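# Tertiary structure, described
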Amino acid sequence: MTSKTKPEAETETPAAAETTASAAPTADSAGQVGGEQSGTAEAGADQTAVNDGAFEVLTKLQAENAELKDRVLRTMAEVENVRRRGERELHDARQYAIAKFAGDMLGVADNMERALASVPAEARETDAAVKALMEGVELTEKEMLRSLEKHGVKKLDPKGERFDPNFHQAIFEVPDPSVPNGTVAQVVQVGYSIGTRVLRPAMVGVARGGPKPAAAEAEKQA
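I will try to describe carefully the structure that is included in this document. (Residues numbered from 1 in each chain as written. Predicted model: local features only at pLDDT ≥ 70, side-chain atom pairs only at ≥ 80, totals over all residues. Heavy atoms only, no water.)

Time to look at the pattern of salt bridges. Under the definition given, this model contains 10 salt bridges. Between Arg84 and Glu80 there is a salt bridge, with its nearest N and O atoms 3.1 Å apart. Taken together, the residues Arg84 and Glu80, both in helix H1 (residues 2-96) and 4 residues apart, mark about one turn of the helix. One salt bridge in this structure joins Glu138 and Arg124, with 3.0 Å as the shortest N-O distance. Placement of the pair is Glu138 in helix H4 (residues 128-150) and Arg124 in helix H3 (residues 121-126), with a sequence separation of 14 residues. Judged by its relative accessible area of 24%, Glu138 is partly exposed. (Salt bridge = Lys/Arg side-chain N within 4 Å of Asp/Glu carboxyl O. Helix = DSSP H or I, 4+ residues; strand = E, 2+ residues; numbered from the N terminus. Buried < 20%, exposed > 50% of the residue type's maximum accessible area, 1.4 Å probe, protein only.)

Given below as structure tokens:
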């Protein structure tokens, strides 16, 4: 009985060895799978870190680009403002350069106007020489005013207009209920302007006692 049992035991021993051997590779395969999963996780983490870094760099570049764009726009706006200011100063220099000269010429214009006003109408009609002289003075005055207008100087004769304190100087009031209150009723001395500035205000008498301008305008429309 003992001799039969031993061979069986010896037969079973190689089978168990084979089972152990086949089990060993299975453990190695599990280790390989675990290593692959760990490597994949590490690779995913590295890719996430790279993406985060790239996003941070992109955000920084976008912020720098926006700042540079803002600086460029501000610089362009400043350059445009300087250009417009230069053009305006040049225009004003050209327009108002003759202001002093024009102011000196106003006395000549006043003297011509006084000369024309001092001659009676009858003398101009009866005396041919006086008539010719007055016509020459009138032509000279018109030519001088035309030359001044070419350089932006305009004559202000505001009779019948609304009083404007920017271009008129009221020296007295005229009771006149037939015209709206604040209307220029009389011009004592004409004024002159150059561009948008007053060179000399017109000396005027202002009507007082009439209807207000708004009421007068409403009556005209009615």
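Of note, Lys155 is situated in strand E1 (residues 153-156). Lys155 sits 45 residues away from Arg200 along the chain, and the two C-alpha atoms are 9.5 Å apart. Ignoring anything within four residues of it in the chain, the contact list for Lys155 reads Glu113, Glu141, Leu145, Val190, Gly191 and Tyr192. (Contact = heavy atoms within 4.5 Å.)

On to the nonpolar core, then. Counting residues in each nonpolar core, the largest one holds 21 residues, and the members touching the most others are Val153, Tyr192 and Val204. Listing elements by their share of this core, those giving two or more residues are helix H2 (99-118), H4, strand E3 (184-189), strand E4 (191-194) and strand E6 (202-208). Beyond its immediate stretch of four places on either side in the chain, Val204 contacts Pro158, Phe163, His168, Gln169, Ala170, Ile171, Phe172, Val184, Gln186, Val187 and Val188. (Core = buried A, V, L, I, M, F, W, Y, C linked by side-chain atoms within 4.5 Å.)

To continue, consider H4. Helix length check: H4 (23 residues) gives 33 Å between terminal C-alpha atoms against 33 Å at 1.5 Å per residue, within 8%. Within H4, the full set of buried residues consists of Met134, Val137, Glu141, Met144, Leu145 and Leu148. Check the buried side of H4 and you find it contacts H2, H3, E1 and E4. Its side-chain oxygen placed 2.9 Å from the backbone nitrogen of Ala129, Asp127 serves as the N-cap of H4. Note on H4: the residue one or two positions beyond its end, Gly152, has a positive phi of about 90°. (Expected span 1.5 Å × (residues − 1). Polar contact = N/O pair within 3.5 Å; in protein donor to acceptor, adjacent residues only side chain to side chain.)

This brings us to the sheet that holds strand E2 (residues 168-175). Taken in spatial order, the 3 strands make up an open sheet running E2-E6-E3, and their pairing is mixed. One side of each edge strand has no neighbouring strand; the edge strands of this open sheet are E2 and E3. Geometrically, the sheet is characterised by an average inter-axis angle of 30° between neighbouring strands, direction not taken into account. (Pairing = 2+ DSSP bridges. Axes fitted to C-alpha atoms, helices over the stretch in contact; angles between N-to-C directions.)

Right, let's talk about a nonpolar patch on the surface for a bit. Taken together, the side chains of Val72, Leu73 and Met76 present a nonpolar region at the surface, about 300 Å² in accessible area. Take Met76: it is sitting in helix H1. (Patch = residues over 30% accessible without salt bridge, like charges linked within 9 Å, V, L, I, M, F, W, Y side chains within 5 Å. Areas by Shrake-Rupley, 256 points an atom, 1.4 Å probe, with all protein chains shown as cover.)

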